[in-house]
Amino acid sequence: MKLDWDRLRFPPDTLRLTTIETHAAGEPLRIVTGGLPDIIGTTILERRRFMRDHLDHVRRALMWEPRGHFNMYGCVITPPVSAEADAGVLFMHNEGYSTMCGHGVIALVTVLVESGAVVGEGDQAMVTLDTPAGLVKATAHLESGRVIRVSFRNVPSFVYARDLQVDVPGYGQVVCDVAWGGAFYAVLPAAQLGLRVTPEQTAALVVAGEAIKRAVSDVLPLHHPHDPDLGFLYGTILTDQPEDAAHHSRNICVFANAEVDRSPTGTGVSARLAIHYAKGEIAAGEEIVIESILGRHSTFSGRVVDCTQVGSYPAIIPEVSGRAFVIGRSEFIVDPRDPLGSGFLVAQIGSP
């Protein structure tokens, strides 16, 4: 029996969306390649607001069930807005739109280079992206024309609050650091909560991560020096000992609406580099390898490449490196006759 896709018939107002499917260190990135109208705005933050206000049905259709799932992640490519950039990018998840995404940069750059959209010279290809958090410069490292690794210089990252004591219902008083790495995170050891960063404890880690995010948000107003749209606590990062003793540490990032990052989180690694550098725990140029909750096979490396200033905050320029793979391509149909086709979510433990 042969099924013929081209013989299927849909109403004229059916939304058709094409994507390339990827993952970086286990975290998905669904890249939209067709079906979107123009996204209006002269800056990336304006385009982020336009997407949120006028095209959010696309995010829900692609991130939520039945096409996605609670922990799905994706991006939309736009024309650049700055003279230096090759493209702009908007990142999206179960709750809305990220300000930056490290695993997304690694996966997107891999696809841009391996698809021929960006041509490399010798063993490298350079890609510069406009993101809502700022300009990000990435390098695809090539071997026989294939991308073996992507490194990127992230936006300046800094510690916003150090050794913050906060009362968390159900857990008592905890001490955390709050740092910006393209998004704001509360960072603390999982051991403070009596937990380990292992897949078996994911549900408990999500509950704790969400409780900490709410508690920190209640007591610490966040104001990014560059734009008020950036001033919100995106997630909680809980750290632990690595599975591989040669690595620095392991962490889980709980972000957006109780979403769990399968990768070590590129913006989270940047925030952690700012914290470790400020505390004198790493030196400039020292590379560390951080695992995700998946363990030793899911890693990003990071190092401090320079120092700078963001408003009144001493900041670093972090470089994060990782690997991504293409896993498929899709064409999705949003049939207006389908009462569930516009997207839905079944809440998981720890979500509001």
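Calculation notes
- Residues numbered from 1 in each chain as written.
- Predicted model: local features only at pLDDT ≥ 70, side-chain atom pairs only at ≥ 80, totals over all residues.
- Heavy atoms only, no water.
- Phe/Tyr/Trp six-rings, centres within 6.5 Å; stacked < 30°, edge-to-face > 60°.
- Lys NZ or Arg CZ within 6 Å of the ring centre and 35° of its normal.
- Helix = DSSP H or I, 4+ residues; strand = E, 2+ residues; numbered from the N terminus.
- Buried < 20%, exposed > 50% of the residue type's maximum accessible area, 1.4 Å probe, protein only.
- Contact = heavy atoms within 4.5 Å.
- Salt bridge = Lys/Arg side-chain N within 4 Å of Asp/Glu carboxyl O.
- Core = buried A, V, L, I, M, F, W, Y, C linked by side-chain atoms within 4.5 Å.
- Domains from an automatic or database assignment.
- Buried area = accessible area lost by both parts, 1.4 Å probe.
- Polar contact = N/O pair within 3.5 Å; in protein donor to acceptor, adjacent residues only side chain to side chain.
- Axes fitted to C-alpha atoms, helices over the stretch in contact; angles between N-to-C directions.
- Parallel < 35°, antiparallel > 145°, perpendicular 65-115°, else oblique.
- Nonpolar A, V, L, I, M, F, W, Y, C, P; charged D, E, K, R; others polar.
- Expected span 1.5 Å × (residues − 1).

(A) Molecular detail of the packing of aromatic side chains. By the definition in use, this model includes eleven aromatic pairs. The rings of Y73, F91, Y185, F232, Y234 and F255 are connected pair by pair, giving a single aromatic cluster. When the ring centre of Y97 is taken as reference, the NZ or CZ atom of R59 above it lies at 5.8 Å.

(B) Up close: the environment of P336. Along the chain, P336 falls in the segment after β18 (324-334). For P336, a relative accessible area of 45% gives the class partly exposed. Considering only alpha carbons, one finds P336 and P12, 324 residues apart in sequence, at a separation of 9.4 Å. Contact partners of P336, with chain neighbours within four places excluded, come to P11, D13 and T14.

(C) Representation of the pattern of salt bridges in the model. This model, assessed by the stated rule, comprises 18 salt bridges. Across the pair D56 and R59 runs a salt bridge whose closest N-O atoms are separated by 2.7 Å. Highlighted residues: D56 and R59, both in helix α2 (residues 56-63), separated by three residues, approximately one helical turn. As far as burial versus exposure is concerned, D56 and R59 are alike and both buried. Linking K137 and E84 is a salt bridge whose minimum nitrogen-to-oxygen distance equals 3.3 Å. On the criterion of sequence distance, the pair formed by K137 in strand β7 (residues 134-143) and E84 in the loop between β3 (74-78) and β4 (87-92) is long-range, its members being 53 residues apart. One network of salt bridges, with partners in common, ties together R162, D163, D177 and K279.

(D) The nonpolar core, seen in detail. Residues V105, V109, V113, Y160, V178 and V216 are the most contacted members of the largest nonpolar core, which totals 94 residues. When residues of this core are assigned to domains, at least three fall in each of domain 1 (3-152 + 324-332) and domain 2 (155-320). With near-sequence residues (within four places) excluded, V105 lies in contact with F91, M100, L129, V136, A138 and F152. I44, W64, M92 and Y97 belong to the second largest nonpolar core, which has 17 residues in total.

(E) How the structure looks around the domain arrangement of the protein chain. Segmenting the protein chain into domains produces domain 1 (3-152 + 324-332) and domain 2 (155-320). Look at where the C-alpha atoms of domain 1 and domain 2 centre, and you get two points 24 Å apart. Contacts between the two partners involve 29 residues from domain 1 and, on the opposite side, 28 residues from domain 2. Taken as a group, A25, N71 and F152 account for 24% of the area that domain 1 buries against domain 2, more than any other trio of residues on that side. For the interface between domain 1 and domain 2, the tally reads one salt bridge. Two residues, D229 and R49, come together in a salt bridge whose shortest N-O distance is 2.4 Å. Where domain 1 packs against domain 2, one counts ten residue pairs in polar contact (both at pLDDT 80 or more). At the level of elements, α1 (44-54), α3 (102-114), β7 and β8 (146-153) are the ones that each hand at least two residues to the side of domain 1 that touches domain 2.

(F) Quick peek at unusual backbone geometry. Here the amide bond leading from E65 into P66 is cis, since omega sits at 5°, within 30 degrees of zero. A positive phi angle, close to 55°, is found at S144, a residue other than glycine. The topology assignment puts S144 in the loop between β7 and β8. We classify S144 as exposed; its relative accessible area is 77%. In this model, A256 sits at a positive phi of 50°, which is unusual for a non-glycine residue. Inspection of the secondary structure assignment puts A256 in the loop between β13 (249-255) and β14 (259-260). Residue A256 is classed as buried on the basis of its relative accessible area, which comes to 1%.

(G) Structural context of the packing of α1 against α2. One way to put it is that α1 packs onto α2 with a least axis distance of 5 Å and a crossing angle of 75°. Accordingly, the angle class assigned to the pair α1 and α2 is roughly perpendicular. From α1, M51, R52 and H54 reach across to α2, where they touch D56, H57 and V58. Its residues placed into classes, the contact of α1 with α2 shows two nonpolar, two polar and two charged.

(H) How the structure looks around helix α5 (residues 266-278). When the terminal C-alpha atoms of α5 are compared, their 18 Å separation across 13 residues agrees well with the 18 Å that a helix rising 1.5 Å per residue should span. Taken from the residues just after α5, G280 is the one with a positive phi, measuring 75°.

(I) Representation of the side chain of T265. Here T265 shows up in the loop between β14 and α5. Apart from residues no more than four positions distant in its own chain, T265 is found in contact with Y185, C253 and F300.

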